[in-house]
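Chain by chain, the residues:
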Amino acid sequence: MTKIAIAEPSSMLRIGLEQMLRELPEAEIIFSTDNLNSLYSRINAIRPDVLIVNPLLFDYAKRATLRAEFEQLSNLRLVGLVSSYLESQHQRQFAGIIELNDDFQRIKSTIHQVVNTIHADDEEADTAPLSDREKDVLVCLSKGLKNNEIADQLNISVHTVITHRKNIVRKTGIKSVAALTVYAILNNLIEEKDII
Amino acid sequence: MNNFSDLSSRLSPKMKMADAINQYHSLLTVLPRLGIPLGFGEKSVEQLCEEHRVSLPLFTLIARVYCLEDYFPTANELQQCRMSDILQYLVHSHKDYLENKLPHIEHHLNTLLEPMDRKYSTLITNFYAEFRKEVEKHFRYEEEVIFPYLRQFISEEEATESASYQKSTFHQQHDDIEDTLNDLINLLLKYIPAEISPAERVDMLLDMYAFSNDIAKHSMMEDRILVPYIQLLESKRHD
C-alpha cells in the first residue's frame, strides 16, 4: 500500500483529488491538509511515501528548494499539484506533476509511475545473497572490529566498509551487530570461539 | 485542517464495544490495561467506561491512537484527559509486557528451539535475554525518571525548565526496542533451518508481530499524546 499525503489550499481541489485517489486500489490517503503548519507538524510522524503538494503553499523563494524542506524523509516522492504557471526549473523537483486539466486517466497514470519508482528502489538487488566481500565485512563485525579496523584488514576504504554494512542490513533485514553475529554463526561464516 | 470528516464517527462512544473490537482487534490488548473485562454483552463503549470508572475521553483517545493510523488528537481532545490517567495507562502497559507478553514469548521460544543444536539455540536465547533486559531497563527508566518528572511538571504552577527535551530520549529508545525485536523476527523467519518446529514457529511469529505492533502503538501514545500534551501545557504557561 502506498501512503499518500495531500497539501492543497483549495478545498475544492483537495476534496476532488481525494475522491479520485480513493478509486486507486494501491493508494491510501493518510493525511490531507490545506496549510503548511499542519503538514510540517505531522509529516515526520506519518511518513507518507508520496506527498502531493501545491507549490503555491510555499513562498516564491522556497519553491526552488522544495526537496530540501523534506530532507529528513529521503524516500519521500513529491508530486506537484500545479494550479498556476510553474517555472520549469521548479517542476524538475517533482517525481510527477498533476495539472488542473488532467483527466482521471492521466492522474492515475502519473500516480502509478511515481509509485513504480518507489517499488523499483525497494527491490533492487534485495534478493541477492550476501556477496563474498559483504561476508568478509560481516565476519569482521562479528569479531567486534570497528569500521576503520575492518577497512585496514580488508584493504578497502572506510566509506566502502559503510556501503557494505548498509547492504548487509538491507539484505538481511537485521540491524544490530549482536543479531548479525548470530546470523554469521547460523550460516557457518564464523565459529563461536572466534568471537571475543 | 484535517479533512477526514468521518474520523469522529469511527470509534464513537455510542458504538457497541463488541463491534469496535471486531473491527479493530488491537483494542483487545487495551481493555485489560484499563480494567475493562470481556463478557460485556451488548454494552456500548460509553456504558462500559462508566461502569468501570474509565474516563471516556481517555478511552476514546487511546483507542483512536491504537486503531486509526491517521489520528492525531486535537488540543481539545487532549485537554479532556488527565495526564495522571495517561501515565497510569502507560505503566499498566509496561506491566502487561513484562508480566505477560515477554514471558509468553520466552516460553514459546524455548520450546520451539528445543530440537535445535544447543550450540545454535543458546545464541538465540541469549540474544532474547539481552533484548528483555534492554526492555526492562527502558521501562524502569521511564517509570523512575521520566514519569515522576512529568507528574511534577504538571503539578507545578510555574514551570522552571522545559520538559520537551525528554521527547528525543523517548523516541530513540523505543526505536531501539523495535529494531531489536525486528532483528529477532528476521532470525526466526529467515535463518533458522526449515525443519525446526515449523508449526510452532508460525505461531511464535504471529505473536511477535502482534507484540511488535503493540510496542509501536505504545510509542505512538508517547509521540502523539504525551509530547503534544506537554507542549500544550508549556505554551499555555508562556501566554
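Residues numbered from 1 in each chain as written. Chains lettered and ligands numbered in written order. Predicted model: local features only at pLDDT ≥ 70, side-chain atom pairs only at ≥ 80, totals over all residues.

### Quick word on the overall build of chain B
When its secondary structure is counted, chain B shows 9 helices and 0 strands. The burial tally for chain B puts 23% of its 239 residues in the buried class. Of the contacts formed within chain B by residues at least 6 apart in sequence, a portion of 76% connects residues at least 24 apart. (Helix = DSSP H or I, 4+ residues; strand = E, 2+ residues; numbered from the N terminus. Buried ≥ 20, exposed ≤ 12 C-beta atoms within 10 Å, placed from the backbone. Contact = placed C-beta atoms within 7 Å.)

### Topic: the pairing of strand S5 (residues 96–99) of chain A
All names here are of chain A. In S5, alternate side chains face the same way, and those of Gly-96 and Ile-98 are buried while those of Ile-97 and Glu-99 on the opposite face are not. Bridge count for strand S4 (residues 77–82) against S5 is 4 bridges, and the pairing is parallel. Within S5, the position partnered with Gly-80 by the bridge is Ile-97. (Pairing = 2+ DSSP bridges.)

### A word on the sheet that holds strand S1 (residues 2–7) of chain A
Residue and element names in this part refer to chain A. Strand order in the open sheet formed by 5 strands is S2-S1-S3-S4-S5, with parallel pairing between adjacent strands. This sheet does not close on itself; its edge strands, each paired only once, are strand S2 (27–33) and S5. Pairwise comparison of adjacent strand axes, ignoring direction, gives a mean angle of 20° for this sheet. Pairing analysis gives 4 bridges linking strand S3 (residues 50–53) to S4, with the strands arranged parallel. Bridge pairing in S4 links Leu-51 to Leu-78. Along the sheet, helix H1 (residues 11–21) contacts S1, S2 and S3; its crossing angle with S2, the most-contacted strand, is approximately 165°. Along the sheet, helix H2 (residues 36–46) makes contact with S1 and S2, crossing S2 at roughly 140°. (Axes fitted to C-alpha atoms, helices over the stretch in contact; angles between N-to-C directions.)

### Considering helix H9 (residues 177–186) of chain A
Buried within H9(A) we find Ala179(A), Leu180(A), Thr181(A), Val182(A), Tyr183(A) and Ala184(A). Where H9(A) ends, the next residue or the one after it, Asn188(A), has phi of about 55°, a positive value.

### Concerning the interface of chain B and chain A
Residue-level contacts link 21 residues of chain B with 23 residues of chain A. Counting residues per element, the ones that place at least two in the side of chain B that touches chain A are helix H7 (118–155), helix H8 (166–191) and helix H9 (198–238) of chain B. Split into classes, the residues belonging to the side of chain B that touches chain A amount to 9 nonpolar, 4 polar and 8 charged. (Nonpolar A, V, L, I, M, F, W, Y, C, P; charged D, E, K, R; others polar.)

### As for the confidence of the model for chain B
Any region with low pLDDT has predicted coordinates that should not be read closely. Residue and element names in this part refer to chain B. For chain B, mean pLDDT is 86; residues scoring 70 or higher make up 88% of the total. Of the regions scoring below 50 in pLDDT, residues 1–7 engages in 9 contacts with residues more than four places distant in sequence or in other chains. Here the predicted complex scores 0.68 on pTM and 0.80 on ipTM. (pLDDT = per-residue confidence, 0-100.)

### Here's the deal with the environment of Cys81(B)
Residue and element names in this part refer to chain B. By the secondary structure assignment, Cys-81 is in the loop between helix H5 (75–79) and helix H6 (83–113). Taking the number of C-beta atoms within 10 Å as the measure of exposure, Cys-81 has 21 and is therefore buried. Between the C-alpha atom of Cys-81 and that of Pro-57, which follows or precedes it by 24 residues, the distance is 6.1 Å.

### Observations concerning the packing of helix H2 (residues 27–34) of chain B against helix H4 (residues 56–67) of chain B
All names here are of chain B. At a minimum axis separation of 10 Å, H2 and H4 run at an interaxial angle of 150°. With respect to their mutual orientation, H2 and H4 come out roughly antiparallel. Note on packing geometry: the crossing formed by H2 with H4 is right-handed. Mapping the contact onto sequence places Leu-27, Val-30 and Leu-34 in H2 and Phe-59, Ile-62, Ala-63, Tyr-66 and Cys-67 in H4. (Parallel < 35°, antiparallel > 145°, perpendicular 65-115°, else oblique. Left-handed = near helix turned anticlockwise from the far one by under 90°.)

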